Amino acid sequence: MSGQTESEVKPSVVLRITPIDADATLELRQSVLWPSLSIADVLLAEDGSGLHFGAFVPHHGKPIAVISLFDEPLPEQHLVRCGNDSPSQRKAARFRKFACDLMHQNQGIGTHLLQHAVEAARSKLGASIIWCDARTSSSAWYKKRGMIEFGDPFYKGDVQYIRMKMSLDADTCKTSAYNAI
């Protein structure tokens, strides 16, 4: 299947990452990210236009981690200028609803899935920046994977978030240039 990758996350565990339908993301979105909400509440209006990926382990028919990727520019007040580029020359992709089953966390699965989404943003969407709204409780995890914070913290319900981003083409604009934004 095109777009599918396999990797070893820990000894003897093979992880398969493959494109999935938006509907296949809903159960994990709800159970991990918003357990007090209904499945309908975790649907996104833009799900039909997104790329969705699931991470699978052998003998488990459902994904154990999911991520959704969208062709979406940085919020206007945070458009990136680098050298002589105009903001419109810096295409961005946003990932949303990134969730890993609690029983499978801290095993490298999320890191592999995020790496897959980064590559898809670059190769399928032509993005040179990837960004997300990260829960502040997870921001250190994203920082370890090369993302930096931008903008001010904000809330969705009673959960605090911070926006985070990462350059996908270090040759064009070094990550350090993003720190000043």
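Residues numbered from 1 in each chain as written. Predicted model: local features only at pLDDT ≥ 70, side-chain atom pairs only at ≥ 80, totals over all residues. Heavy atoms only, no water.

Caption draft 1: The arrangement of the overall build of the protein in detail. For the protein, the helix and strand inventory stands at four helices and eight strands. Going residue by residue from the N terminus, the α and β elements of the protein occur as β-β-α-β-β-β-α-β-α-β-β-α. Within the protein, buried positions represent 48% of all 181 residues. Of the contacts formed within the protein by residues at least 6 apart in sequence, a portion of 64% connects residues at least 24 apart. (Helix = DSSP H or I, 4+ residues; strand = E, 2+ residues; numbered from the N terminus. Buried < 20%, exposed > 50% of the residue type's maximum accessible area, 1.4 Å probe, protein only. Contact = heavy atoms within 4.5 Å.)

Caption draft 2: The arrangement of unusual backbone geometry in detail. A positive phi angle is found at K97, which is not glycine, with a value near 50°. In the Ramachandran plot, N106 falls in the positive-phi region, its phi being about 65° despite a non-glycine side chain. On the secondary structure map, N106 appears in the loop between β5 (92-100) and α2 (109-123). A relative accessible area of 85% places N106 in the exposed class.

Caption draft 3: Region of the structure containing the pattern of salt bridges. Enumeration over the complete set of coordinates arrives at ten salt bridges. Ionic pairing is found between R94 and E72, a salt bridge with its closest N-O pair at 2.9 Å. Here the residue R94 occupies a position in strand β5, and E72 occupies one in the loop between β4 (65-71) and β5, the gap between them amounting to 22 residues. A salt bridge links D133 to R94, with the shortest nitrogen-to-oxygen separation between them at 2.6 Å. Placement of the pair is D133 in strand β6 (residues 129-135) and R94 in strand β5, with a sequence separation of 39 residues. Neither residue differs from the other here; D133 and R94 are each classed as buried. Salt bridges sharing partners connect three or more residues here, namely E72, R94, D133, K156 and R163. (Salt bridge = Lys/Arg side-chain N within 4 Å of Asp/Glu carboxyl O.)

Caption draft 4: Quick look at helix α1 (residues 26-33). Three or more residues of α1 are buried, namely L26, L28, R29, Q30 and L33. Each element contacted by the buried residues of α1 is listed here: β3 (51-56), β4, β5 and β6.

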